[in-house]
Amino acid sequence: MNERNFLEELNSEQRAAVECTDGPVMIIAGAGSGKTRVLTYRIAHLLNKGVDAFSILALTFTNKAAREMKERIAGLVGPEAGNLWMGTFHSTFARLLRKESYRIGFPPNFTIYDTEDSKSLLKNIVKEMNLNDNSYKPSPLLGRISSLKTMLVSAKDYANDAHYNSEDRAMHREHFGQIYETYTKRLFKSGAMDFDDLLYFTNILLRDHPDILLKYQDMFRYILVDEYQDTNFSQFMILRQLAARHQNICVVGDDAQSIYAFRGANIQNMLNFQKQYADTTVFKLEQNYRSTQTIVNAANQVIAKNRDQLAKKVWTANEQGEKIPVLRAFTDSEEGRTIAQNIHDLRIKAGSAYREFAILYRTNAQSRPLEEALRKIGIPYRIYGGISFYQRKEIKDILAYFRLALNPHDEEALRRVINYPKREIGDSTVDKMTVAAYDNDISLWTVMENIPDFDLGLQNRTRDKISEFVNLIKSFSAIVPTHNAFQAGDFIASGSGIIKELFTDRTPEGVNRMENVQELLNGLRDFSLRAEPDAPQPTLGLFMEDIALLTGEDQNKEDEHNLDKVLLMTIHSAKGLEFNYVFVSGLEENLFPSQMSVMDREDLEEERRLFYVALTRARKKATLTYSMSRYRYGSSVSCEPSRFLEEIPADFLYTVPSSYEPRQPREINRIPRPASPGYSNGSPPVMRSPLTNKKLVSINKTQAGAAPLNNEHLGALAAGMIVEHERFGRGEVLKTEGKYPDSKAVVMFENGEKKQLLLRFARLKVVENP
DNA sequence: GCTTCTACCGTTTTT
DNA sequence: CGGTAGAAGC
């Protein structure tokens, strides 16, 4: 396709934004206004003007967005698109750091720690410092460290900052600074970077090494950034340094869709762009090509009152469309059934495919009742961006061996597999070696490598086991450089003993784990074969680099994507996608808006923007649903409709009454949970133990003999009942006590043994209920 | 050092 | 309801 053709496909707003190629440009793009199209055409236009693909840096928010954009550009200009620097901030700068990291003391094969690794390291540090780990929990610690790194505050800066110090004293975590410092040191010693380090150290590298800065400033003459509203300070500073020389920076974003503040995203980056670059040209894309008028107007209402925004008026020439149905359900599972039923009916009525439907929710936990309902009436579905394949335990175990082969100083990988499979190197040995490493300021691996030089009071046998392990890892390391990824991976997987370990596990889960490992090895084989002839040898190192920054969605197979299935996902991961029919579920106070944001932010602006994103995913019809009660940790909690429902003018909505009655008791006659405030079906009958006369709240009643021998349908036990236990045989219940789920029963068995059983784990069958 | 049992705890969103 | 950390017991 030649240039004239593709520019003519754009409207005048879009075309102007594409053709203004030089100098700082900000494109404010409303939802559904063809933002991606403008970005791709702009890049294609640059290439057609003769700009070298190697000198264009395009940063997107997800790997998927980068891939898609690359494909679309390739469709416009051909294979030259392959030479673009295009990817997420993290993957692009990880790539840059691999080349330059030696300048800041990191090896080129540095490991990238994921969140799990980081938390586990923090946990170890807290333990070693003998701090009460109730106030030093890994997740909050990592959260704080992460936001500090995002603000480019080093451990040293932190220690010297009076404000931070007094804040810590007030929060009773005066050792935080020390933890931060130790964490940083340990990462360095392990030759590892966490997620935020990839951006942090890119900043440091560019800041402290003018020659490198100049090199990349000249390399990236044109910089384009997608989803600019979601960039954080660290990313902003990288861009600022790189663009300083040529000033050809084009950012595209929608302040109304800024939903990542929790991760440090700073909407001010967008609001202040014009201040940063005085001669910025601003373009606005205000026509929405995606949704009906009803949806566009209702969505506009949602964010109308937000204070932080750039003036724009999103409008559409599309048809008016249906009103937005609001469905009320009594329980979360009924909400699921209603949605499932609606999808079923709509699909038949409108002749639509399953893939035209999406169900969005605020939290991942909400997917379960939805899945159950869909499964029950046979609607195929897929969870978009769920847990990543590479996060599974068995896969992470194997990857830990791979990581060790590439970088044996990687402490988290080492700890993970040092005794898996069991090789008699237990916790106390690891603790002793950790102390030695700390005392000598060396890595754990170095201690193990030189174990005879240390007097740790270990048994000879243990020392031999350690040497054996060291030699094993060294043999893995030796394989890597001379073999391709598959050969090395296969050798390591079987040499580590993991394959054997998994093979002996014949439980269904075990078989599944084994299949996953096979899947990983197949992936390695593909990776090794797929390599282009003149590309570098597809080593294990390259493979690990490829997968380190993948998210759940990135690794699904092509055919997975094309299957005709309803998609389920969080609103966050729905950004950038669109569907004909969208269900936004769980519109309840304290869920959406979330409890956290209701408690510590009075404005709820970000939650509203999130709702805006949810609504504007829909092309033809958006449906809102909520439930009056929801299960949480096994008990039902009553809910109120979300305030957001009231913020949409009533003439955009119509309320559909619940078509279901509250659920009838099934054959298992459930006694309602403890009288939680607002239990909507009247207060539950109270059962009392005949012996103690204590209330037997919250234990389910079962018909005698109906409960299977597992803990899924525990019956309410009362004194006098005759029960049968899997191992101990028959017995009589003497008394029951405690509150579910930790309720206990004392049972006298026929063999004369008196046992106290924790009901949640006891496998009991009621055989007689007098 | 390894296995089994029990008490406790969790509440966003993710590159 | 699940997951899991740590104690107790072997």
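A quick note: this is a predicted structure, and the numbers were derived from the prediction, not measured. (Residues numbered from 1 in each chain as written. Chains lettered and ligands numbered in written order. Predicted model: local features only at pLDDT ≥ 70, side-chain atom pairs only at ≥ 80, totals over all residues. Heavy atoms only, no water.)

> Just to check I follow, could you spell out the packing of helix 16 (residues 293-303) against helix 31 (residues 605-615) for this structure?
Packed helix pairs are specified by the crossing angle of their axes together with the interaxial distance, meaning the distance between the axes. The interhelical angle for the contact between helix 16 and helix 31, taken along N-to-C directions, is 175 degrees, at an axis separation of 9 Å. Between helix 16 and helix 31, the angle is such that the two are roughly antiparallel. Residues Ile-295, Ala-299, Asn-300, Val-302 and Ile-303 of helix 16 touch helix 31, and the partners they reach there are Arg-608, Arg-609, Phe-611, Tyr-612 and Leu-615. Along the lines of polarity and charge, the residues of the contact of helix 16 with helix 31 split into 7 nonpolar, 1 polar and 2 charged. (Axes fitted to C-alpha atoms, helices over the stretch in contact; angles between N-to-C directions. Helix = DSSP H or I, 4+ residues; strand = E, 2+ residues; numbered from the N terminus. Parallel < 35°, antiparallel > 145°, perpendicular 65-115°, else oblique. Contact = heavy atoms within 4.5 Å. Nonpolar A, V, L, I, M, F, W, Y, C, P; charged D, E, K, R; others polar.)

> Sorry if this is basic, but what is going on with the environment of Phe-330 here?
With respect to the helices, strands and loops of the structure, Phe-330 is situated in the loop between strand 11 (324-329) and helix 17 (332-350). Between the C-alpha atoms of Phe-330 and Leu-84, which are 246 residues apart in sequence, the distance is 52 Å.

> Help me understand the pattern of salt bridges in this model?
A side chain of one charge can pair with a side chain of the opposite charge when the charged atoms of the two come close. Under the defined criterion, the tally for this structure stands at 46 salt bridges. For the salt bridge of Lys-64 with Glu-68, the shortest nitrogen-to-oxygen distance reads 3.1 Å. You can see Lys-64 and its partner Glu-68 sitting in helix 4 (residues 63-77), 4 residues apart, about one turn around the helix. On the accessibility criterion, Lys-64 (15% relative accessible area) is buried. Taking relative accessible area as the criterion, Glu-68 reaches 37% and is therefore assigned partly exposed. Lys-185 serves as the salt-bridge partner of Glu-181, at 3.5 Å between the closest nitrogen and oxygen. Residue Glu-181 and its partner Lys-185 are both found in helix 10 (residues 176-189); the two are separated by 4 residues, about one turn of the helix. Owing to a relative accessible area of 48%, Lys-185 belongs among the partly exposed residues under this scheme. A cluster of three or more residues bridged by salt bridges with shared partners is formed by Asp-114, Glu-116, Asp-117, Lys-396, Asp-397, Arg-403, Asp-410 and Arg-416. (Salt bridge = Lys/Arg side-chain N within 4 Å of Asp/Glu carboxyl O. Buried < 20%, exposed > 50% of the residue type's maximum accessible area, 1.4 Å probe, protein only.)

> For this particular structure, what's the right way to read the state of the cysteines?
Two cysteines whose sulfur atoms are joined by a covalent bond form what is called a disulfide. A complete count under the given rule lists 0 disulfides for this structure. Of all cysteine sulfurs, the one in Cys-20 lies closest to Cys-250, which takes part in no disulfide; the gap is 8.3 Å. (Disulfide = S-S within 2.5 Å.)

> Could you clarify how one ought to interpret the protein's contact with DNA strand B in this entry?
Around DNA strand B, a shell composed of 29 residues is seen, among which Arg-362, Ser-428, Met-596, Arg-632 and Tyr-633 lie nearest. In the interface set of DNA strand B, defined as its atoms within 4 Å of the protein, sugar plus phosphate atoms amount to 48%. One of the side-chain nitrogen or oxygen atoms of Arg-632 is found 3.0 Å away from a base nitrogen of DNA strand B. Of all the secondary structure elements, the ones that give two or more residues to the surface near DNA strand B are helix 21 (427-440) and helix 30 (595-600). For the surface near DNA strand B, the per-class residue count stands at 6 nonpolar, 13 polar and 10 charged. (Near = heavy atom within 4 Å. Polar contact = N/O pair within 3.5 Å; in protein donor to acceptor, adjacent residues only side chain to side chain.)

> Please clarify how unusual backbone geometry should be interpreted in this entry.
Excluding glycine, residues mostly carry a negative phi; peptide bonds, for their part, are mostly trans. With an omega of -5 degrees, the peptide bond between Tyr-420 and Pro-421 qualifies as cis. Of note, the amide linkage connecting Phe-592 to Pro-593 takes the cis form, showing an omega dihedral of 10 degrees. Mapped onto the elements of the fold, Pro-593 is located in the loop between strand 15 (579-584) and helix 30. Backbone geometry places Glu-424, a non-glycine residue, at a positive phi of 60 degrees. Glu-424 sits in the partly exposed class, given a relative accessible area of 45%. For Asn-590, which is not a glycine, the phi torsion comes out positive at approximately 70 degrees. Within the secondary structure layout, Asn-590 lies in the loop between strand 15 and helix 30.

> Explain the packing of aromatic side chains to me, please; I cannot follow it from the model alone.
Note on aromatic pairs: each is described by the distance of the centres and the angle between the planes. This structure, assessed with the given rule, holds 23 aromatic pairs. Relative to Tyr-164, the ring of Tyr-158 has its centre 4.8 Å away and its plane inclined at 20 degrees; by these criteria the two rings are stacked. Of the residues examined, Tyr-164 reaches a relative accessible area of 18% and is grouped as buried. When the ring of Phe-389 is compared with that of Tyr-390, the centres are 5.3 Å apart and the planes differ by 80 degrees; the resulting orientation is edge-to-face. Each member of the pair, Phe-389 as well as Tyr-390, is classed as buried. A network of ring pairs unites the aromatic residues Phe-106, Phe-188, Tyr-200 and Phe-201 as a single cluster. (Phe/Tyr/Trp six-rings, centres within 6.5 Å; stacked < 30°, edge-to-face > 60°.)

> For this particular structure, what's the right way to read helix 18 (residues 367-376)?
Those residues of helix 18 that fall on the buried side of the exposure criterion are Ser-367, Pro-369, Leu-370, Glu-371, Ala-373 and Leu-374. Buried residues along helix 18 sit against helix 17, strand 12 (357-361), strand 13 (381-383) and strand 14 (566-570). Phi for Gly-378, located one or two positions after helix 18, is positive at around 75 degrees.

> Is there a simple way to explain the domain arrangement of chain A in this structure?
How big an interface is tends to be stated in terms of accessible area lost as the parts join. Here the domain parsing of chain A yields domain 1 (6-104 + 199-287), domain 2 (111-190), domain 3 (324-385 + 558-655), domain 4 (389-549) and domain 5 (721-768). A straight line from the C-alpha centre of domain 3 to that of domain 4 covers 42 Å. (Domains from an automatic or database assignment.)

> Explain empty space enclosed by the protein to me, please; I cannot follow it from the model alone.
Where empty space is left becomes clear once a probe the size of a water molecule has been rolled over the atoms. Inspection of the entire model under this criterion finds 3 cavities of 30 Å³ or more. Counted as a void, the largest cavity has a volume near 40 Å³. Lining the largest cavity are Thr-60, Phe-61, Phe-89, Asp-226, Glu-227, Asp-230, Thr-231, Gln-235 and Arg-263. (1 Å grid on protein atoms, 1.4 Å probe; cavity = no way out; pocket = protein on both sides within 12 Å on 5 of 7 lines; lining within 4 Å. Points joined across faces, edges and corners; volume = space filled by probe spheres on them.)

> Explain the pairing of strand 2 (residues 56-60) to me, please; I cannot follow it from the model alone.
Along any regular strand, the residues point their side chains to alternate faces of the sheet. Most of strand 2 sits inside the fold, with 5 of its 5 residues counted as buried. Residues Ile-56, Ala-58 and Thr-60 point to one face of strand 2 and Leu-57 and Leu-59 to the other, with burial holding for every one of them. Two elements, strand 2 and strand 6 (residues 222-225), share 4 bridges in a ladder whose sense is parallel. Paired with Leu-59 across the two strands is Val-225, which belongs to strand 6. Note that strand 2 and strand 3 (residues 85-88) share 4 bridges and pair parallel. Opposite Leu-59, over in strand 3, you have Gly-87 as the bridge partner. Crossover handedness for the path strand 2 to helix 4 to strand 3: right-handed. (Pairing = 2+ DSSP bridges. Right-handed = clockwise from strand over helix to strand, strands pointing away.)

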